[in-house]
Amino acid sequence: MIARHRFPADSEIERLLPPARLQGPFEAASDVLARLDERLRSSPVAEAFIVRADFHDACAALWRQGDFVQIEDLVLHDAGMDARAPTHELVRANAALLTRRRIAGQPPGWALTAAGLAALRGARTVDDGAVKTNDGNEYDDDDEGGDFHDSDDDAAPLAGEFAEIDALLARSSAAASDVRAIPLKRDDSGLVYDEDWDEEGRLDEWRAALKEIETLPPLLAAALAYEGWETLEPLRRQSWLGPLLAAALLRARGKTRHHLASLHAGFRHVKYRRSRHHDLATRLVGFAQAVETMAATGLKEIDRLTLARQLLLRRCAGRRGNSKLPRLVDLCLRLPVVSVPLAAKELGVSQQAATTMIDELSPNLRELTGRRRYRAWAVM
């Protein structure tokens, strides 16, 4: 058994978390994060910013684990147009990208539930076996035939078929309402995974600890949730999931209503580097600085994309109504990197037509490769 992780109680917060030390960094981070979320509420480049943030955050998640993934490789891999065989690091970055998109596509707070965590981990969910039908009869999944027949089968020849349909509907409803996670199969030889590493128990402890911070401000609660995740280390294969869950907590508490915070990117660009030798207050201040850096960088990115959009749309002035050049502009804004085959695939045109349209926008695009093959462009 592992020791239960406990967040500071109300009487211990003032001693462990000095208000004078935390107030400034957390207020600054909260203010910048709120301004970023408000800008995304009405910005014309909000969708492009969110798509780009997903790619950058996925690459930053692997960078924090000591692996380097180029963002252009991730963009091409996500579109199914790899220029070379994908590496193990690229596959893991793509998993982080898909997980982030899944959390953002679900209702706020879904990722923090037992069912949400089971889905993100890839664990299957089943019902407890025998369930009750609408008429009070019990049906066990282990039964082959499913004996659901009325006493007057001779008078109603289709009663048995209708009963089987009712039983199927009852089992489906019970499975949807009463689920439990099945632990993932893993190698228990001790060569790859620690035999004493109880992922289910650590996840339960982390979720139980979340209930102790429900009354704290959203940003401080997210910082403590991330600190608890790093301390317990529930998952060995998906350790990068912690910042995503902290971002989901910010979204569930209403701090970020219009986007999922890119905490991995903030941790990558902030000067502070987390260490267990630091005291709790220092680590929390580092979290606030990472959030502030991430939000400030996001505001600058919105300004850059807005200006680039205005310049690119000027190139579309006077075009026919069925011109696909505006769609190419949206594609260049949404993706950090655009290649000719990728543009041709997304727009449904030939590669020659895609090359011609990219050349028309080239004064406001920056070529990244400088080669004749595998050429790629990005918004200036």
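Since this is a predicted model, take the numbers as computed values, not measurements.

A. Fine view of the overall build of the chain. Secondary structure summary: the chain contains 15 helices and seven strands in total. Within the span of the chain, comprising 380 residues, buried residues form 44% of the whole. Considering only residue pairs separated by 6 or more positions, the chain has 66% of its internal contacts joining residues 24 or more positions apart. For the chain, the computed accessible surface area is about 20400 Å², with 49% contributed by carbon and sulfur atoms.

B. Highlighting unusual backbone geometry. Phi angles above zero are rare outside glycine, and E233 is one such case at about 50 degrees. Within the secondary structure, E233 sits in the loop between α9 (218-232) and α10 (241-252).

C. Structural context of the confidence of the model for the chain. Confidence in the prediction of the chain, expressed as mean pLDDT, is 82, and 78% of residues score 70 or more. This model gives residues 124-155 a pLDDT under 50, and the stretch forms 50 contacts once residues within four places in sequence are excluded.

D. The arrangement of the pairing of strand β7 (residues 376-379) in detail. Because side chains alternate across β7, one face comprises the buried residues A376 and A378, and the other comprises W377 and V379, equally buried. Across two bridges, the pairing between strand β5 (residues 338-339) and β7 is antiparallel. Its bridge partner being in β7, S339 is matched across the sheet by A376. Bridge count between strand β6 (residues 365-367) and β7: three bridges; the pairing is antiparallel. Within β7, the position partnered with E367 by the bridge is W377.

E. Quick look at the pattern of salt bridges. Applying the stated criterion across every chain, the model contains 18 salt bridges. With a shortest N-O distance of 2.8 Å, R41 and E38 are connected by a salt bridge. Taken together, the residues R41 and E38, both in helix α2 (residues 19-42) and three residues apart, mark about one turn of the helix. Bridged by salt links that share partners, the residues R52, E301 and R304 form one connected network.

F. Representation of the sheet that holds β7 in the model. On the basis of which strands lie adjacent, the open sheet formed by three strands has the order β5-β7-β6 and antiparallel pairing. Taken across any chain shown, the strands that pair with only one partner, and hence form the sheet edges, are β5 and β6.

G. Seen up close, the environment of K300. One can find K300 in helix α12 (residues 280-314). For K300, a relative accessible area of 63% translates into the label exposed. The spacing of K300 and L36 is 264 residues in sequence and 9.7 Å in space, taken between C-alpha atoms.

H. Structural view of the environment of E360. Residue position: E360 is located in helix α15 (residues 351-361). Along the primary structure E360 and C316 are separated by 44 residues, whereas in three dimensions their C-alpha atoms are 9.4 Å apart. Ignoring any residue separated from it by four or fewer positions in sequence, one finds E360 in contact with R315, R319 and L325.

Basis of the calculations
The residue numbering used here restarts from 1 in each chain and proceeds along that chain's sequence as written. In view of the model being predicted, local features appear only for residues whose pLDDT reaches at least 70, and side-chain atom pairs are presented and counted only at 80 or more, with totals across whole chains, interfaces and linings using the full set of residues. Side-chain metrics rest on all non-hydrogen atoms present in the structure, leaving aside hydrogens and water. Labels follow the DSSP assignment, with helices taken as runs of H or I lasting at least four residues and strands as runs of E lasting at least two, numbered in each case from the N terminus. Exposure classes here rest on a 1.4 Å probe applied to the protein chains alone. A residue is buried below 20% of its type maximum, exposed above 50%, and partly exposed in between. We call two residues in contact when some of their heavy atoms are within 4.5 Å. The method behind every accessible area is Shrake-Rupley, applied with a 1.4 Å probe, and residues are considered shielded solely by the protein chains displayed. By definition, pLDDT measures how confident the predictor is in each residue, and it falls between 0 and 100. For two strands to count as paired, DSSP must find a minimum of two bridges between them. Any carboxyl oxygen of Asp or Glu that lies within 4 Å of a side-chain nitrogen of Lys or Arg is treated as forming a salt bridge with it.

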